[in-house]
Amino acid sequence: MAKTRTQYVCQQCGRVSPRELGRCPQCGSWNSMVEEVVAPPPGASKGAVRGLSARSSPRRISDISEDVEERLLLPIGEFARVLGGGVVPGSIVLIGGDPGIGKSTLLLQTALEMAHRDPVLYVSGEESERQIKMRAVRLLRGGAENNIPDNLFLVTETNLDLILEHVAAVKPRLLIVDSIQTTTLPELESSAGSVSQVRESASRLRELAKSSGISVFLIGHVTKEGTIAGPRVLEHIVDTVLYLEGDRFQSYRLLRSIKNRFGATSEVGVFEMSERGMAEITNPSEAFLAERMVNAPGSSIVVTMEGTRPLLVEIQGLTSHTSFGNPRRTPNGVDFNRLLLTVAVLSRRVGLRLAEQDVFVNVVGGLKVSEPAADLAVAAAIASSTRDVPVRADTVLIGEIGLSGELRMVNQMPARLREAAKLGFKAAIVPRRSRRSEPWPEDIQVLESRSLRQALEFALLAVEEKSGAI
Ligand code: TYD
Ligand code: MG
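So, how was this worked out
Residues numbered from 1 in each chain as written. Chains lettered and ligands numbered in written order. Predicted model: local features only at pLDDT ≥ 70, side-chain atom pairs only at ≥ 80, totals over all residues. Heavy atoms only, no water. Phe/Tyr/Trp six-rings, centres within 6.5 Å; stacked < 30°, edge-to-face > 60°. Helix = DSSP H or I, 4+ residues; strand = E, 2+ residues; numbered from the N terminus. Buried < 20%, exposed > 50% of the residue type's maximum accessible area, 1.4 Å probe, protein only. Pairing = 2+ DSSP bridges. Axes fitted to C-alpha atoms, helices over the stretch in contact; angles between N-to-C directions. Contact = heavy atoms within 4.5 Å. Core = buried A, V, L, I, M, F, W, Y, C linked by side-chain atoms within 4.5 Å.

A.B. asks: Please clarify how the packing of aromatic side chains should be interpreted in this entry.
C.D. replies: The description of an aromatic ring pair rests on the distance of the ring centres and on the angle between the ring planes. Evaluation of the coordinates by the stated rule reveals two aromatic pairs. Pairing Tyr-252 with Phe-288 gives two aromatic rings, centres 4.8 Å apart and planes at 70 degrees, and the pair type is edge-to-face. Residue Tyr-252 is located in strand β10 (residues 252–260), and its partner Phe-288 is located in helix α7 (residues 284–289); the two are separated by 36 residues in the primary sequence. The residues Tyr-252 and Phe-288 share a single accessibility class, namely buried.

Below you can see the structure in the form of structure tokens.
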């Protein structure tokens, strides 16, 4: 028998090296090179899935039909939205996220919905058939077992060769593999979840999707470092990458598109983890503002953009006298460095005395707001807490803060303002525009402000009618 050859593969970026290295030459991460057995050379068994493949042949581009591919109907609207409107036949989609966030739940719900029209095969390497059945029963409204569609097939299997045989037998239109980390190819000697197993399994499933027109959903766990399955290479193999994220202690879940060959990226779908699985939140802004205390100091509202979707979120700030030597700055849901910048500008340009104050900032609902457009609302929440004066309740604040204490314009302002108006907000404090290409929406009073100081003066003023620029 030939001696098994090994190689070293970076768990972060998938770089392969014949020698052991302490540091990956590609991505620079330390101690990430792990020894793996080299796959046998592609032989007869590799390649097309028997019985499903079609031979390829070059065609004139003029002969290729440009009709929009018909998508499989996906009755979960928030999910369909993130995919760009339904499931594309022959596409392969990776759904990543932390363990326990709700990936299996969401995909089982999807399977139950889609199996009313098309055959679906759910392959699990993580849970037993009985467990999945119990979950399915729980997910269905009314809890009645006879609501389970006949066309949903379930199998507990990790061996990819056998999975492909099951696919050939069931001939589903949608295949769900839960998860890619448990799927193994017996001819590879490395263990399940290793870079080569994950990469090879995904490539094989992609081949299946492309040759047969079956749509494939892969579930992948995100490692602590935030990369799917260790190697980023997986993201290049699939057509679409979605992340399910959220705070485990909060019920909201955001399904975010990171890459999409068939639709817009950075679309989000919003769900709430409920007793009966993932419930769609079709009006997230209302949900995020539901528990807000109007006229309490230390709270402000920003309109943030998640892809093309404006979301109103509440930002809370609290300042309290430092009891230890160094004042603390504690962000929850906003970027730490942006918080430091905002605090510095508030001290130097607005004259707020924060040197001996601990500053806490929290985004309500477990959301993460990373865009600079939230700077102004963060600053207002902090200033409001320090001065113990509430921010005007009917007003949203949108704008980036510059180091000189100026306010800077952010993108997609009209869409943000329209969303605020839709939810009944009467006024918006925004940066001054330099170009007046598009008129502001009519149904909200827009107050343009050049500086953070001016904006705060207005936001923290007792409610009093003002109009035009300040
Ligand atoms: P799961 O889908 O198993 O997570 P993942 O596949 O991403 O690891 O979700 C598990 C969590 O969801 C678990 O903590 C229980 C909770 N859950 C509900 O709150 N309601 C439900 O209806 C279901 C099925 C699960
Ligand atoms: Mg799971």
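A.B. asks: Can you walk me through the sheet that holds β10 in this structure?
C.D. replies: Sheets are built from strands that pair by backbone hydrogen bonding, the pairs being arranged parallel or antiparallel. The strand order across the open sheet formed by nine strands is β6-β5-β7-β8-β4-β9-β10-β11-β12, and the pairing between neighbours is mixed. Here the strands that pair on one side only, and so sit at the sheet edges, are β6 (152–156) and β12 (277–280). The sheet shows a mean angle of 25 degrees between the axes of neighbouring strands, taken without regard to direction. Pairing of strand β4 (residues 92–97) with strand β9 (residues 240–245) involves five bridges; the strand directions are parallel. Opposite Gly-97, over in β9, you have Leu-244 as the bridge partner. Contacts from helix α3 (residues 129–139) reach β5 (120–124), β6 and β12 within the one sheet, and its direction differs from that of β6 by about 145 degrees. The strands touched by helix α4 (residues 160–170) within the sheet are β5, β6 and β7 (174–178), with β5 carrying the most contacts at an inclination of about 160 degrees.

A.B. asks: What is the right way to look at the nonpolar core in this model?
C.D. replies: What tends to happen in soluble globular proteins is that the nonpolar side chains get buried as a cluster. Residues Ile-315, Leu-346, Val-361, Ile-382, Leu-397, Ile-429 and Leu-452 are the most contacted members of the largest nonpolar core, which totals 45 residues. For this core, the elements supplying multiple residues, two or more each, are β10, β11 (268–274), β14 (309–321), α8 (336–349), β16 (357–363), α9 (375–387), β20 (427–431) and α11 (452–459). It is α9 that provides the largest number of residues to this core, a total of eight residues. Excluding anything up to four places from it in sequence, Leu-452 contacts Val-345, Leu-346, Val-350, Leu-376, Ala-379, Ile-401, Gly-405 and Leu-407. Counting 34 residues, the second-largest nonpolar core is a separate cluster that includes Val-87, Leu-107, Ala-115 and Tyr-122.

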